[in-house]
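Summary of the model geometry
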Amino acid sequence: MAEPFFRLLEIVVPQVVAANKTTISYRGLEHIPEQGGALIVVNHTSYVDWLPASLAALQRKRRLRFMIKAEMQDVPAVNYVIKHVKLIPVDREHGADAYAEAVYRLRTGELVGLHPEATISRSLELRPFKTGAARMALEAAVPIIPMIVWGAQRIWPKDHPKQLFLNKIPIIVEAGRPLVPRDDSPEQIMTELREQMKTMLYRVQQEYPHPTGAHWVPNRLGGGAPTPEESAVLRRAELAERARKKARNHDVAQRRSER
């Protein structure tokens, strides 16, 4: 598999991470298959969860093709990466094309990564899971590999300043036992997957130091992150504001077209 740009990233990115004093500990990498298609399902607490997950796949000499929101194509530099790393853009309102592309990639033996929560969890706890991962795995006949990334929320969190440079932040990445979808419904599969990932998350958190009151620490562990209930309120407000802006932009465009 040539892909010179991807190969360049595989050489440069680990060196940048090391120079930045970010340390990544890997657990359970034997669960990532050395060949063949598999769906890597990752919790979502940060804008950079994809990076430790991708480096975990690289430890197994695999390339992880993440599903990414289509709006990121509007950023020229990011769009360049999307095209040359063959990421899968997802239009949240019209996701059928991205779904079909992900299933195709899985059937051809690639690793596809996604966040079943669909958006960053402000509470840092697992949000409700969408069923897309289970439906993809069933259709492509591939295993689902649960993965927990913990610590990345300190680097680039939602609603808080970034710490991108010389952060000396430890990150733990743990891959779990593969879940092989069979006759269960997508809802049953995702319920089982979420319970497995919750157990993994709690286990990883037990090994990680959590200062009292820190914004990147869950409320459950004495941190300053909002509770799941508070996070849900913030999310509803965010979606309402997004809908308001979309309606306003639509009205402006319509008025311009009528001139």
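Residues numbered from 1 in each chain as written. Predicted model: local features only at pLDDT ≥ 70, side-chain atom pairs only at ≥ 80, totals over all residues. Heavy atoms only, no water.

Under an unreviewed UniProt entry, the name given to the chain is 1-acyl-sn-glycerol-3-phosphate acyltransferase, and the source organism is Mycolicibacillus koreensis.

Looking now at a nonpolar patch on the surface. A grouping of Leu-8, Ile-11, Val-12 and Val-16 is seen on the molecular surface, where their side chains present a nonpolar patch of about 320 Å² in accessible area. Looking at where Val-16 falls in the secondary structure, it is placed in helix 1 (residues 4-19). (Patch = residues over 30% accessible without salt bridge, like charges linked within 9 Å, V, L, I, M, F, W, Y side chains within 5 Å. Areas by Shrake-Rupley, 256 points an atom, 1.4 Å probe, with all protein chains shown as cover. Salt bridge = Lys/Arg side-chain N within 4 Å of Asp/Glu carboxyl O. Helix = DSSP H or I, 4+ residues; strand = E, 2+ residues; numbered from the N terminus.)

Here we come to the pairing of strand 6 (residues 144-150). Counting buried positions along strand 6 yields seven of seven residues, so the element is predominantly enclosed. Burial of the side chains of strand 6 extends over both faces: Ile-144, Pro-146, Ile-148 and Trp-150 are buried on one face and Ile-145, Met-147 and Val-149 on the other. Here strand 2 (residues 38-42) pairs with strand 6 via four bridges, running parallel. Within strand 6, the position partnered with Ile-40 by the bridge is Ile-145. Examined bridge by bridge, strand 6 and strand 7 (residues 170-175) share four bridges and lie antiparallel to one another. Its bridge partner being in strand 7, Trp-150 is matched across the sheet by Ile-172. (Buried < 20%, exposed > 50% of the residue type's maximum accessible area, 1.4 Å probe, protein only. Pairing = 2+ DSSP bridges.)

Let's shift gears to the sheet that holds strand 1 (residues 23-27). Spatial strand order, 1-7-6-2-5-3-4: seven strands in an open sheet with mixed pairing. If you trace the sheet from one side to the other, it starts and ends with strand 1 and strand 4 (88-90), each paired once. Averaged over all neighbouring strand pairs, the angle between strand axes comes to 25°, with direction disregarded. Bridge count between strand 3 (residues 64-69) and strand 4: three bridges; the pairing is parallel. Counted as the bridge partner of Met-67 is Ile-88 from strand 4. Helix-sheet contacts for helix 6 (residues 186-206) involve strand 2, strand 6 and strand 7, and the interaxial angle to strand 6 is about 35°. (Axes fitted to C-alpha atoms, helices over the stretch in contact; angles between N-to-C directions. Contact = heavy atoms within 4.5 Å.)

What you see with strand 5 (residues 111-114) is no split at all: Leu-111 and Gly-113 on one side and Val-112 and Leu-114 on the other are buried throughout. Pairing analysis gives four bridges linking strand 2 to strand 5, with the strands arranged parallel. When the bridges of strand 5 are listed, Ile-40 appears paired with Gly-113. Note that strand 3 and strand 5 share three bridges and pair parallel. Paired with Phe-66 across the two strands is Gly-113, which belongs to strand 5.

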